[in-house]
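Spelled out, the chains give:
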Amino acid sequence: MPDQPGELENALSHLQCVLVARRTRINPEQLTWAQYDILEILRIRGPLMPSLIGEILGMSRPATSKNLRVLKDKRLIEQTAREQDRREQTTSLTDSGRAFLERAASSRREAAEIAASVLTPGEQSIFAELCQKIAAALDDNQSRSV
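Notes on the structure follow. (Residues numbered from 1 in each chain as written. Predicted model: local features only at pLDDT ≥ 70, side-chain atom pairs only at ≥ 80, totals over all residues. Heavy atoms only, no water.)

The end-to-end C-alpha distance of helix H2 (residues 33–45), which contains 13 residues, comes to 18 Å, matching closely the 18 Å that a straight helix rising 1.5 Å per residue would cover. Along H2, the positions that sit buried rather than exposed are Gln35, Tyr36, Ile38, Leu39, Glu40, Ile41 and Leu42. Positive backbone phi, at 85 degrees, marks Gly46, one or two positions downstream of H2. (Helix = DSSP H or I, 4+ residues; strand = E, 2+ residues; numbered from the N terminus. Expected span 1.5 Å × (residues − 1). Buried < 20%, exposed > 50% of the residue type's maximum accessible area, 1.4 Å probe, protein only.)

Encoded structure:
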């Protein structure tokens, strides 16, 4: 019999389920999760090369290319040749991509307001710090396993 999940594993799993369900409701363009994640990574980190997008999100090169093509067709991203090597392209959000993410952000803001209503300012600060610490550790672990 496998080990039973611990309190932390259960809490992370439940939070993930709740956040994914909320995100599902606010996707009027019917983008896939991978496409939405690409937009979010570009929002957070700024313009990136496709290979780095794939690496960050754990996507294969063909999957990254396909998702970028869909986002480009929807005019949510644009790709421009890099000055150093014209064969390489930098991917960035378009105004339409930023507008899409702004509309989608209303659910994220609502979730933050709900969290703020049940956490003290000190707890909010600690929660934000712990979320960033866990996300960084998960990103680092994923990078090492790829």
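That covers the picture; the talk isn't over yet.
Let us now look at the environment of Ser60. Examined against the element boundaries, Ser60 turns out to sit in the loop between helix H3 (50–57) and helix H4 (61–73). The partly exposed category is assigned to Ser60, whose relative accessible area is 40%. Residues Ser60 and Arg109, spaced 49 residues apart in sequence, show a C-alpha to C-alpha distance of 31 Å.

Ranked by internal contacts, the top residues of the largest apolar core, which has 19 residues, are Ile38, Leu39, Leu42, Leu71, Ile77 and Phe100. Looking at this core, the elements with two or more residues in it are H2, H3, H4 and helix H5 (95–118). A total of 5 residues in this core trace back to one element, the largest contributor, which is H2. Excluding residues that lie within four positions of it along the chain, Leu71 makes contacts with Leu31, Gln35, Ile38, Leu39, Leu76 and Ile77. (Core = buried A, V, L, I, M, F, W, Y, C linked by side-chain atoms within 4.5 Å. Contact = heavy atoms within 4.5 Å.)

Right, let's get into unusual backbone geometry. A positive phi is found at Arg75, a non-glycine position, where the angle reads about 60 degrees. Tracing the backbone through its elements, the reader meets Arg75 in the loop between H4 and strand S1 (77–81). Residue classification places Arg75 among the exposed residues on the basis of a relative accessible area of 63%.

On to a nonpolar patch on the surface. A surface patch of nonpolar side chains, amounting to about 580 Å² of accessible area, comprises Leu8, Leu12, Ile126, Leu130, Ile134 and Leu138. Among the secondary structure elements, those contributing two or more residues to the nonpolar patch are helix H1 (7–25) and helix H6 (121–145). The greatest single-element share of the nonpolar patch, amounting to 4 residues, is contributed by H6. Residue Leu138 is classed as exposed on the basis of its relative accessible area, which comes to 57%. (Patch = residues over 30% accessible without salt bridge, like charges linked within 9 Å, V, L, I, M, F, W, Y side chains within 5 Å. Areas by Shrake-Rupley, 256 points an atom, 1.4 Å probe, with all protein chains shown as cover. Salt bridge = Lys/Arg side-chain N within 4 Å of Asp/Glu carboxyl O.)

Any functional reading would require information beyond the geometric quantities listed.
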